[in-house]
Amino acid sequence: MKILFLSISFFICIYVSAQDTIKIMTYNLLGYNSFTSYCTTTNNNPSLKDGYLRTIFSYEMPDIFGVNEVSGNGSASSKHLLDSVFNVNGVTWYNRANYVNSNNSPLINNIYYDSRKLYLYNQNYIPTSYRDIMIYKFYYKSPDISALNDTVFLTCIVMHLKAGSTASDQTERADETSLLMNYLNTLSNMGNCVVMGDFNVQSNTEACFQNLINYSNPNVRFYDPINKLGTWNNNSAFAQYHTQSTFVNSNGCSASGGMDDRFDFILASFYVMNNISKISYVPGSYMAVGQDGNRFNQSIGNPANYSVPANVVSALGNMSDHLPVVLKLKILQTPVFGVHESDTKSNTIVCENPVEETATIQIYSENDEPFVLTVFDQQGRLISKDTYQMHSGYNVLTINVSDFQSGMCFMNFVHSKGSATIKVIKK
C-alpha cells in the first residue's frame, strides 16, 4: 500500500505545472491517391497505403500533422485520410484544414490537427509555379481562454519545394522561399512559427535554404532546431538525419538509392527557439521517425531497425520513400487535458478531466495485450478492477464512472511492460 501512495503522490505533483506539450509531424505521402504512368494503383495502392499510414500515425499520434503529396483532384483524398485513416478505432477528434489548390496542381499540401487541443484560427496560401505554400494559424484551447481570455498562437507553414538538382530547379526553389519570406516580412509580428515539409534541398548553402535561415530581416528568419547544417546529400556524417530514400531499389514509383538525403524539415522561428511567447522547442525531440543513423545508402529495414516497433518499420518501408519528421513544442499554458502520462517512451495514457458519467481514456499499446485496470479512491480503497484487451496502437476506452463518488480517484494500469497511475476527477 505504501508503494501505491508514493506513486499517487508522484503523479499529483506532475500536474501542478501549467504547461502542455504538442507534437508536430511532417510527412511526404508519395503521391497519395494520385496516379501517373509510373505511380500506379499497383505500386502505389491507396488502400494498402491507408493501412501503412494508420500504423505510423497511430504510433506517433501527432497533435499537428502537415502532409505533402496528396492528390490535388478535389478534396476527396484529403477527407478520406481524415475519415478512414486518422479518425478510426475510437478516435474522433482530428480535423483538417480546407482544401486549397489555386494552380490546379496534381499534388497538394494539407494539415490535420487534434481539435481537442487546437483551433484553426485562419488559413492562407501563397501561390507558386508548382504548389501552394499553405499557412495555418492555430491557437491553443487552454481553459484560460474562458477564465482569463488568454491563450497562445502558433503559425504552421506547410510547403513542398520544387524537386530536382539542376540549376533551374534550384532557382525555382529559391523563388518559392523568397515568396514566403517576403510575405512573412509584411507581417507586423511573425511570432511563434514553424515551417515544415519536403524542401528537396541537398545543402544549407543552396539559395532556397539561405532565404529561410539568413533572410535580410533577422526577425523573420528560421532556425534548424538540431543545428545540423551542411551538405547533407550522400554524406555519412548526416546519416542520423537523412529522410530519403527508404528504398534501395525502386518499385517504379519511389525514389531509390537508400537513405542519403535530408529533404524533410521542421524549422522554427526565433520566438519558438528562444521561448519568447509561451511556446518553446523541447530539446532532443526533433527526429526522423525510424532513423537511427545505421542505414546510410540502405533501406529503412537494412540493417535490422530497432528504433521503432517492427510493424512501424514495415509501414515506413512501404508507405513512402520519405520518413516523417517530428518535434515537440512546450506550451506554457494551462493544459487542456487533466491527465497525460507515459510510463515508457511509447506507452501513453491520456484522460480528459473532469468526468461526469463516463471517462474516455486514450491508451497507446505496443502490442495486442491485456491491460488490468484497478481503481482506488483517495484513501486507497479498491473501487473496481477490470481487464481490457488492447490492440497494437492507440485504443480508446469508455469507462462508466456514474456510480463513483464525486472527487478524485486513481486508475492504475498494469501491462506486460510495467504500470502507470493516473488521476481522474469525478464531478
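Going by the structure above, here's the rest.
A few points on the structure. Starting from 1, residues in each chain are numbered consecutively following that chain's sequence as written. Two thresholds apply to this predicted model, a pLDDT of at least 70 for residue-level local features and 80 or more for giving and counting side-chain atom pairs, whereas whole-chain, interface and lining totals are computed over all residues. Side-chain metrics rest on all non-hydrogen atoms present in the structure, leaving aside hydrogens and water.

1. A look at the layout of surface pockets
Alright, step 1. In this structure, the second largest pocket spans a volume of roughly 550 Å³.
Alright, step 2. Any residue with an atom within 4 Å of a point lines the site, the site being either a cavity, points on a 1 Å grid over the protein atoms alone where a 1.4 Å probe fits but cannot get out, or a pocket, an open set with protein on both sides within 12 Å along at least 5 of 7 lines. What lines the second largest pocket is a set of 27 residues, and nearest its centre among them are Y38, E69, L107, H160 and A163.
Alright, step 3. Counting residues per element, the lining of the second largest pocket draws most heavily on strand β1 (residues 20–32), at three residues.
Alright, step 4. Here the lining of the second largest pocket is built from residues that sort into 11 nonpolar, 12 polar and four charged. Grid points are joined across faces, edges and corners, and a volume is the space filled by probe spheres set on the points. Only DSSP runs of H or I with at least four residues qualify as helices, and only runs of E with at least two residues qualify as strands; both kinds are numbered from the N terminus onward. The nonpolar class holds Ala, Val, Leu, Ile, Met, Phe, Trp, Tyr, Cys and Pro. Asp, Glu, Lys and Arg form the charged class, and all remaining residues, Gly among them, are polar.

2. Considering a nonpolar patch on the surface
Alright, step 1. Together, Y119, Y121 and F153 give the surface a local cluster of nonpolar side chains, amounting to about 310 Å² of exposed area.
Alright, step 2. Mapped onto the elements of the fold, Y119 is located in strand β5 (residues 118–126).
Alright, step 3. Per-residue accessibility, obtained with a 1.4 Å probe over protein chains only, is compared with the maximum for each type, and a residue is labelled buried under 20%, exposed over 50%, and partly exposed between these values. Judged by relative accessible area, which is 40%, Y119 ranks as partly exposed. Within this analysis, patches are made of residues with over 30% relative accessible area and no salt bridge. Like charges are joined at 9 Å or less; nonpolar side chains (Val, Leu, Ile, Met, Phe, Trp, Tyr) at 5 Å or less. Accessible areas in this description were obtained via Shrake-Rupley with a 1.4 Å probe; residue shielding takes into account the shown protein chains only. Criterion for a salt bridge: a side-chain nitrogen of Lys or Arg within 4 Å of a carboxyl oxygen of Asp or Glu.

3. Examining the state of the cysteines
Alright, step 1. Whenever a pair of cysteine sulfur atoms sits within 2.5 Å, that pair is classed as a disulfide. For the coordinates displayed, the defined rule picks out one disulfide.
Alright, step 2. Paired through a disulfide, C39 and C253 show a sulfur-sulfur distance of 2.0 Å. Looking along the S-S bond of the C39-C253 disulfide, the torsion reads about 90°, which is the right-handed sense. With C39 in the loop between β1 and α2 (46–60) and C253 in the loop between β9 (222–223) and β10 (264–269), this pair connects stretches of sequence that are 214 residues apart.
Alright, step 3. On the basis of relative accessibility, which here comes to 7%, the residue C39 falls in the buried class.
Alright, step 4. Not engaged in a disulfide, the cysteine C193 finds its nearest cysteine sulfur in C156; these two sulfurs lie 7.5 Å apart.

4. Description of the pattern of salt bridges
In a structure, side chains of opposite charge can pair up when their charged atoms sit close to one another.
Alright, step 1. Evaluated as defined, the whole model comprises 12 salt bridges.
Alright, step 2. Between K23 and E60 there is a salt bridge, with its nearest N and O atoms 2.8 Å apart. In this pair, K23 is assigned in strand β1 and E60 in helix α2, connecting sequence segments 37 residues apart.
Alright, step 3. In this structure E60 comes out as buried when scored by relative accessible area, which is 8%.

5. A few points about the environment of Q240
Alright, step 1. Among the secondary structure elements, Q240 is positioned in the loop between β9 and β10.
Alright, step 2. On the basis of relative accessibility, which here comes to 36%, the residue Q240 falls in the partly exposed class.
Alright, step 3. Sequence separation of Q240 and Y271 is 31 residues, and the distance between their C-alpha atoms is 26 Å.
Alright, step 4. Note on contacts: a residue pair qualifies if any of its non-hydrogen atoms lie within 4.5 Å across the two residues. Those residues in contact with Q240, other than ones at most four positions away along the chain, are Q291, D292 and G293.
Alright, step 5. For the purposes of these results, a polar contact is taken to be a pair of N or O atoms within 3.5 Å, where, inside protein, one atom must be able to donate a hydrogen and its partner to accept one; residues adjacent in sequence count only when each atom of the pair is a side-chain atom. Among the polar contacts listed, one links the side chain of Q240 to the backbone oxygen of Q291, at a separation of 3.4 Å.

6. Some points on empty space enclosed by the protein
Alright, step 1. Summed over the entire model, instances satisfying the criterion amount to one cavity of 30 Å³ or more.
Alright, step 2. Within this model, the largest cavity holds a volume of roughly 40 Å³.
Alright, step 3. Take the lining of the largest cavity: its biggest share by element is three residues, from strand β4 (residues 107–114).
Alright, step 4. When the residues that make up the lining of the largest cavity are grouped by side-chain class, the tally is four nonpolar, four polar and two charged.

7. Comments concerning the packing of aromatic side chains
Alright, step 1. Here a pair means two rings of Phe, Tyr or Trp (six-membered ring of Trp) with centres within 6.5 Å. Their orientation is stacked below 30 degrees between planes, edge-to-face above 60, and tilted elsewhere. Scanning all chains against the criterion turns up 15 aromatic pairs.
Alright, step 2. Considering the side-chain rings of F86 and Y112, the 4.9 Å spacing of their centres and the 70° angle between planes classify their relative orientation as edge-to-face. Here Y112 lies in strand β4 and F86 lies in helix α3 (residues 76–86), a separation of 26 residues in the sequence. The two residues F86 and Y112 agree in class, both being buried.
Alright, step 3. Here Y121 and F153 contribute two aromatic rings whose centre-to-centre distance is 5.2 Å and whose plane-to-plane angle is 75°, an arrangement assigned as edge-to-face. Of this pair, Y121 sits in strand β5 while F153 sits in strand β7 (residues 153–160), placing them 32 residues apart in sequence.
Alright, step 4. Three or more aromatic residues link up through ring pairs in this structure, and these residues are F57, F65, F86, Y94 and Y112.
Alright, step 5. Criterion for a charge above a ring: Arg CZ or Lys NZ at most 6 Å from the ring centre, at most 35 degrees from the ring normal. Here the basic side chain of R116 rests over the ring of W93, its NZ or CZ set 3.8 Å away from the ring centre.
Alright, step 6. Positioned above the aromatic ring of F153, the side-chain terminus of K137 is 4.9 Å from the ring centre.

8. As for the sheet that holds β10
Alright, step 1. DSSP calls a pair of strands paired once it identifies at least 2 bridges connecting them. Within the open sheet, the six strands sit side by side as β5-β6-β7-β8-β10-β9. Their pairing is mixed. Looking at the sheet topology across the chains shown, the edges are occupied by β5 and β9.
Alright, step 2. Here β7 pairs with strand β8 (residues 193–198) via six bridges, running parallel. Each residue of the ladder has a partner; that of T155, found in β8, is C193.
Alright, step 3. Lying on the sheet, helix α5 (residues 167–185) is in contact with β5, β6 (133–140), β7, β8 and β9; it crosses β7 at an angle near 160°. Angular values range over 0 to 180 degrees, each being the angle between N-to-C directions of two axes fitted as lines to C-alpha atoms, with helices fitted over their stretch in contact.

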